[in-house]
Amino acid sequence: MAGILKDSYNRPIRDLRVSLTDRCNFRCFYCLPHGEPPIAPKEQMLSYEEIEYACDIFVELGIEKIRLTGGEPMMRRDIEQIIFKLSQLKTPMSDKLQLVDESANDKLKFVGHRGLRDLALTTNGYFLPHRAESLKTAGLDRITISLDSLKRDVFKQMTGVDVLDRVMEGIQAAKDAGLEPIKINAVIVRGHNEDEVADFAAFAREHDVKMRFIEFMPLDSGHEWSRADVVSGREIRQRIEERFPLEPIEESRGSNTASRYRFADGAPGEIGIIAPVTEPFCGACSRIRLTADGQIRTCLFSTVEYSLRDVMRDGASRQEIIQFIEGVVLKKEPRHYINDPGFVAPSRSMSFIGG
Ligand code: SAM
C-alpha cells in the first residue's frame, strides 16, 4: 500500500480541491471581471472518468476531504455523475482488507483506515434552486455558497450579475435538500461590502448558517489587487463584535483555514474568518489542488504546475502516477509570499485555479 502523502516540511496532505471547469457564469470583479475565455480547449479538460481515477489514487494516498470547485462547478453538466462516482470513494479502506502475506494466499491483514470522509462543493448558488436535491441524491455531503452582498445593487456590482434573489432561493433549496451545515463565503473588499459585515453575521444567526469571511487575495485576473483594498480579519471581527459579541470555538485549528467563533448569546449560526493575507496559516496547510485541465498546484499562489493529465494520458501505471504525485507534493512551497517585496501573483486567477 502507498504511503500517506507528506510534503518536505512534514505536513500531511489530506485535502484536495478539484476544479471541474474554468468556465463561470458570474463576473466577480475580484476574480474574473472580464470573463476571460477558458485557457484550454475542451479536450484538455479532465473527463469525469479521469477525475474519478485521479481522486481514487489521491484517496489511496490519504486524502480525506475533496472539495469540488471551479470556475462554476455546476456549469459542468456531468456534476451529479462525478459526485456519485466520488461518493463511492467514501467506503472506508478499513473495509477493504489487503493481502499482505503472499506466501499464504488466504492471509489478510488490516492496514488502517483510509477513505474519503467528506465530499463538498463550492458554488455561486445560481443553479441550486433546481438542482440542490439532485446533488444530495448523488452523494454530496456539504455545500458552500458564495454571497458577497445582501443588497441587490452591491451584489450586482461585485458579481457582474443581477441575481441576488436567485442565489437566496438557492441557499433555501440547499437547506431543503439537507445539504447542511451550509457555509456562506463572502469576500470582503474595501469600499464595496465592508459595511455589511455585521449584517452578514445577522444573516448567519437568522438562517443558522456558517458565515465565512474571506480576505481579498491577489488572485484576480485583472491583477488590480491592492493591499489598501484588503479588509483584515481583525477588522472583520471588530465589526461583528460591535453588534454581536463572539466567543472563539475552542478546538485545535488543525489545518482549517478559518478561525471560528460562536455567538456569545448562544444564537444559532457560526462565524469563520479566513485571513490568508494578514494572518497566514501556511504552517498547517494540508491542501493541494487539481485544475480542470489536470494540473496539480501545490499552493494557491504557485507559479508552477505539474501535469497529472499528461502523465495519466501517456499511459503511466497506477504506481507511476503515485510516484509522480508523491514527487510533486514534495515540492509544495513552505508558505505563500504575498507579504514579501518581490511577490509575483500567479498568472491564473482563482477561477482557473479552483478556489
Ligand atoms: N464559482 C464558485 C463560487 O462562486 O463559489 C466556486 C469558485 S470561486 C473561485 C471559489 C471562492 O473563491 C469563492 O467563494 C470566491 O469568492 C473566492 N475568491 C475568488 N477570487 C478571490 C480573491 N481574489 N480573493 C479571495 N477570494 C476569492
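Residues numbered from 1 in each chain as written. Predicted model: local features only at pLDDT ≥ 70, side-chain atom pairs only at ≥ 80, totals over all residues. Heavy atoms only, no water.

> A description of the side chain of R212 should follow, citing residues and the corresponding values.
Along the chain, R212 falls in strand β8 (residues 210–215). R212 sits in the buried class, given a relative accessible area of 5%. Of note is the side chain of R212, whose polar atom sits 2.8 Å from the side chain of E270. Apart from the residues within four sequence positions on either side, R212 is in contact with K183, I184, N185, A186, A258, R260, E270, I271, G272 and I274. (Helix = DSSP H or I, 4+ residues; strand = E, 2+ residues; numbered from the N terminus. Buried < 20%, exposed > 50% of the residue type's maximum accessible area, 1.4 Å probe, protein only. Polar contact = N/O pair within 3.5 Å; in protein donor to acceptor, adjacent residues only side chain to side chain. Contact = heavy atoms within 4.5 Å.)

> Please provide a residue-by-residue account of the site of the ligand, values included.
Contacts to the ligand come from 19 residues, most closely from Y30, G71, S146, N185 and M217. In this structure, G71 approaches the ligand through a main-chain N or O atom, which is 2.9 Å from a nitrogen atom. Computed on the free molecule, the ligand has an accessible area of 550 Å², of which 95% lies beneath the protein chains in the complex. Where the shell around the ligand is concerned, the elements lending two or more residues are β5 (118–123), β7 (183–188) and β8. (Near = heavy atom within 4 Å. Areas by Shrake-Rupley, 256 points an atom, 1.4 Å probe, with all protein chains shown as cover.)

> Quick rundown of the sheet that holds strand β2 (residues 65–69)? Include the residues and the values.
Spatial ordering of the open sheet is given by β9-β10-β11-β8-β7-β6-β5-β2-β1-β12-β13-β14, a layout of 12 strands whose pairing is mixed. Because the sheet does not close on itself, it has two edges, and the strands there are β9 (246–248) and β14 (306–307). Pairing between strand β13 (residues 295–297) and β14: 2 bridges, direction antiparallel. Across the sheet, Q295 pairs through a bridge with S307, a residue of β14. Packing against the sheet, helix α2 (residues 79–87) makes contact with β2 and β5, and its axis sits at approximately 160° to β5. (Pairing = 2+ DSSP bridges. Axes fitted to C-alpha atoms, helices over the stretch in contact; angles between N-to-C directions.)

> Outline the state of the cysteines, listing residues and values.
Tallied over the full model, the rule gives 0 disulfides. Not part of a disulfide, C55 finds its nearest cysteine sulfur in C285, a span of 17 Å. Classification of C55 as buried rests on a relative accessible area of 0%. Here C299 stays unpaired: no disulfide links it, and the sulfur of C282, its closest cysteine neighbor, is 6.4 Å away. (Disulfide = S-S within 2.5 Å.)

> Describe unusual backbone geometry, with residues and values.
At the junction of E180 and P181, the peptide bond is cis and its omega measures out at 5° in the coordinates. You can see P181 is positioned in the loop between α5 (164–176) and β7. Phi at N10 takes a positive value of approximately 70°, unusual for a residue other than glycine. Take N10: it is sitting in the segment before β1 (15–19). N10 gets classed as exposed once you look at its relative accessible area, which sits at 53%. The phi dihedral of H223 is positive, around 50°, even though this residue is not glycine. Topologically, H223 is positioned in the loop between β8 and α7 (233–241).

> Please provide a residue-by-residue account of helix α6 (residues 197–207), values included.
Listed in full, the buried residues belonging to α6 are V197, A198, F200, A201, F203, A204 and R205. Turning to α6, the residues buried within the fold contact α5, β7, β8, α7, β10 (259–263) and β11 (270–274). Backbone geometry just after α6 places D208 at a positive phi near 55°.

> Which residues make up the pattern of salt bridges, and what values go with them?
It is possible for side chains bearing opposite charge to pair when their charged atoms get close. Scanning all chains against the criterion turns up 28 salt bridges. Two residues, R212 and E270, come together in a salt bridge whose shortest N-O distance is 2.8 Å. Of the two residues, R212 sits in strand β8 while E270 sits in strand β11, which places them 58 residues apart along the sequence. We classify E270 as buried; its relative accessible area is 6%. Its salt-bridge partner being E235, residue R239 comes within 2.9 Å of it at the nearest N-O pair. In this pair, R239 and E235 both sit in helix α7, 4 residues apart, roughly one turn of the helix. One salt-bridge network, in which partners are shared between bridges, spans R190, E194, E235 and R239. (Salt bridge = Lys/Arg side-chain N within 4 Å of Asp/Glu carboxyl O.)

> Break down the pairing of β8 for me, citing the residues and quoting the values.
Where burial is concerned, most of β8 is hidden: 5 out of the 6 residues are buried. Relative to β8, β7 runs parallel, the two sharing 6 bridges. Bridged to V187 within β8 is I214. Crossover β7 to β8 through α6 is right-handed. Here 5 bridges tie β8 to β11, and the two strands are oriented parallel to one another. (Right-handed = clockwise from strand over helix to strand, strands pointing away.)

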